Every structure is written in structure tokens, then in C-alpha cells.
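Inside the fold
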Amino acid sequence: MLRRNSHQLGLAKWVAVLLTTASFAACSGDGGGGSGSGEGGAGSGAGTPTGSGAGAGTPTGSGAGTPTGSGAGAGTPTGSGAGTPTGSGAGAGTPTSSTAAGGNCPGPVDISTADGNPFVGGTLFVDPEYIAKVQSSIDKTTDAALVEKMKKVQEIPTAFWLDRIAAVDRLEGHLDAALALQNQICEPVIPVIVVYDLPNRDCFAEASNGELRVENGGVKRYREEFIDRISAIFAARPNQRIVAIIEPDSLPNLATNLGKKDCTPETDTAYRENVAYALQKLDMPHVHQYIDAAHSGWLGWADNQKKGAEIFASVIEAAGNPKGVRGFATNVANYTQLSYSSESYDQQDNPCFGEYDYVDAMASALAAEGLGDKHFIIDTSRNGRGNIRSDWGFWCNNEGAGMGERPRANPGGATRLDAFYWVKPPGDSDGTADTNAERYDLFCGYENADQRAPEAGVWFHEYFVECVKNANPPL
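Let me begin by describing the structure that accompanies this report.

How each quantity is defined
- Residues numbered from 1 in each chain as written.
- Predicted model: local features only at pLDDT ≥ 70, side-chain atom pairs only at ≥ 80, totals over all residues.
- Heavy atoms only, no water.
- Helix = DSSP H or I, 4+ residues; strand = E, 2+ residues; numbered from the N terminus.
- Expected span 1.5 Å × (residues − 1).
- Buried < 20%, exposed > 50% of the residue type's maximum accessible area, 1.4 Å probe, protein only.
- Contact = heavy atoms within 4.5 Å.
- Disulfide = S-S within 2.5 Å.

As for helix α9 (residues 302-318)
Between the first and last C-alpha of α9 there are 24 Å, a value that for 17 residues agrees with the 24 Å anticipated at 1.5 Å per step. Inspection of α9 places N304, Q305, G308, A309, I311, F312, A313, V315 and I316 among the buried residues, and these make up the whole buried set. Residues of α9 that are buried make contact with α6 (250-256), α7 (265-281), β9 (287-292), α8 (296-299), β10 (325-330) and α10 (355-368). In the stretch just after α9, G320 is the one whose phi turns positive, near 90 degrees.

Concerning the state of the cysteines
By the definition in use, this model includes 3 disulfides. Here C203 is linked by a disulfide to C263, with a sulfur-sulfur distance of 2.1 Å. Since a negative S-S torsion denotes a left-handed disulfide, the C203-C263 link at about 90 degrees is right-handed. Taken together, the residues span a long stretch of sequence, with C203 in the loop between β7 (192-195) and α5 (218-235) and C263 in the loop between α6 and α7 at a distance of 60 residues. Looking at C263, the relative accessible area reads 1%, which means it is buried. Sequence-ordered numbering of the bonded cysteines in the protein gives a pairing of 1-2, 3-4, 5-6.

Thoughts on unusual backbone geometry
In the segment running from N472 into P473, the intervening peptide bond is cis, with an omega of 5 degrees. Looking at the secondary structure, you find P473 in the segment after α11 (461-469). In this model, E247 sits at a positive phi of 45 degrees, which is unusual for a non-glycine residue. Relative to the elements of secondary structure, E247 occurs in the loop between β8 (242-246) and α6. Non-glycine residue N331 carries a positive phi angle of around 65 degrees. The topology assignment puts N331 in the loop between β10 and α10. On the basis of relative accessibility, which here comes to 0%, the residue N331 falls in the buried class.

Next comes the structure, spelled out in C-alpha cells:
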């Protein structure tokens, strides 16, 4: 059973984050750059740096361990109706609405968007499973001030990760809980879902390799048991506005890591064809898709930007140019800061020091490939602090990390930036530090990596505590 405390119940009937409709102010690159981070490999300055590992730093599932279900009507949806809801307008695509059945709304809830940005004009859903994980840390904490900060984290929306076929079993409950809240507060409630189970997943990493293999029928299983099921669940809920983040770390690996580790020609084909398949199957008026596009420390160099943009354009074309592909997600499960701050490691001639620079540069690279209308979101879950790595490519449970900017729509600062969002649930481990573990990755043993870490996706209490303490802005 999901535990709730008096603080949560006192906020409103449910806990959530209400997004404002602050007007978007596009900002060109200012020449600054944030701390480059994470998977991105060492760039040589010759225009041919290679990014490090797919999946590096990517969680393998919200709810690893013993997740609590979030079934419809189970009393676990979170969200608030506090403040003034932002209106939805004519919207892109076909406007849809939710029924008020079983709720308090006088009529259907209009879930269309005024300008195509799915993060505007509604409430982002707070995952009940994540609330329960944070509660497990609260239960272990005696510092009253720290407990209050943790309670604030329970109000912040994070993505729901579908990292294996079995995780799809929990998707309906998650969406139904969001819909139940929507029919109580009478405004769109937006769940964010990460689709993350490609065959040969994370081909340049060991910590977060997936369950499916190309040579063992993985393509068929991915399509029939994973994507087709997700598609059917989404299609059955046209009255919900859903955001889907597609396959972290997949296509960027094709730009930098082919021929290394498990990044074989067979993997290349599987990634391209199956990401295209996912984009097709999830193309619905109420589903807004963002393809993972790495981060400044991975594809920041001009040659890597070009390679990445060409691959993205090719896959989108192969999918039939779905209207539902809104854009790209950057910095997923990583630590790159938004803008420049001095770092203790060599920037390696990368012109993109931070995610603002990278989004601007990638927008230009995409425009050159005919994708000049795409938008972006940045994962700010753990990028609040710089100077926490001795090397650009360190990505695994970096010590000293802090939670970053809170999720919000139209934050400005970079080209067509739809939102900041916490894609990586802070507290989920990046990978184990146990050198004897089957999924041990060398990066999880390097300096700056917290050596107490459990397996990827498992709740890491001690690390969560540090991320709370180091939050910037402070909690």
C-alpha cells in the first residue's frame, strides 16, 4: 500500500506540480556552456570524438525492487489543482477530451494544446511509485530539516520508465491513476512515459543492458510484446495527453560507437528499424513523442552533431514522418549543467559546454536535415551542480550531484525549449559498484562514482540523500 503522510494530504487532495504558461523566449547561444557531463566520451578536437556508452547513467526502471501499484481509483493518483489552471486551446492535431465519468467535472476535460507544447496548460503527474520510494528514505531519516526537503521531492513529477516487457503490466494502472486525478481537478493531467527496451539495448555499456537480444528473437518480442502493447494501451486512452520519451541512448550510439563493444551492424539495423517502428505505432493525436538526443558531452562536437542529426532525420523519415514526434530529449539521466560553469576537466574543444548551447547547436544541425520545426526538453533531475567529475565522460552515480531546476514549461534559454523535466528519477542507481556483479560497468568503479551503489534502477538511499542536500536551486 502506498504510504501517505500528513504533509502530503495537507497540500491538497493530491500532490502535483501546476505548470504556468509563461511565454517562451527563444535565446540564441551565448557562447557559454555548462559543465559537460556523462556518457559523452573524450573529444579529440579533431571533429571525431566518440561518445561513451549507451545507457550509461540511465535507470533501468522506476519501481525496481518492490514497486507499489497505481491502479485507477486506488487512491494513489497525485497532483494538485492549486493555482489557476492554464487553458488549452485549439491545439495541434485533433483535439481530444476526457470524460468526466466518476469525476467532479461538469463536462469533458479538453486535453488539446494551444501551441503544441504538451507541457503547457495542465498538471504534470507525480508518479505514486516514486512517492513511495522517497517515503522509504524519509522513514530512514531523522534530520527534520532534511525530511522536509524530501517531502518537497514527493511533489515533483518524474518519468515512469518502461524498461522491460514486464513493466508494461504497470502502465495501465499508472495512466488510470492520472486519469482519475484529471477527472477530479478538471484539467489535463500529463504522465511522462519512457520507452526503453530495444534489442541489444545500451550497446556501449554494461550497467543497463536490456533483456532482448537480436539473435534470440528480440526484434519480434520488442514489437509484439512491448511496443504493440504500449500502443494499444495508449490508443485506449485518447482522453489523456501523454508524453513519451523514446529509447534513451539508442540512436546517439550509432553516431559515435559503431564497431565498439556490442554496437555491431546488427545493432545498428535493430536500433534504426525498431525506433522507427515505435514512432509509427505510438503516433496518435494525444501522444507527444521526444526522441532521446544524448547531451552536450556526447554529441556536442560539430561532426557528432551532424552525424546525430542525419541519423535522427533518417529514422523519422523511415517512420513516415509521424506528426506526433514533437522533438528531442537531452541530458536524460545525465549531469550536464544548463550553461557554463568552470569544470575541473578538459572541455576537449567541445563548443557546447552546457545543454543550452547543445540544444541551440542541435537545432541548427536538425534544420540542415529538414527538421527545423522540432522542439526540446532537458532532463534537469541531477544537473544542479558542476565540478563533480574529474573527466567529462564519467556518468555513474557521480558523487556531489544535486537535483537541478524543477520541471516547468517554456523555461527559455535555448531554441524551442518546451520544458525542463525530471526524466531520471533521482535516487534510482545508475549501476552497481560491485565488481563481481554480472552487470558491473567500469565507469561505476572510476573515481567520482559512489562506491556504495546497487544495481541500475534499484533505489539508492544514500545517493538520494546527497542529491537532496546538494539541490540547486535548494529545495
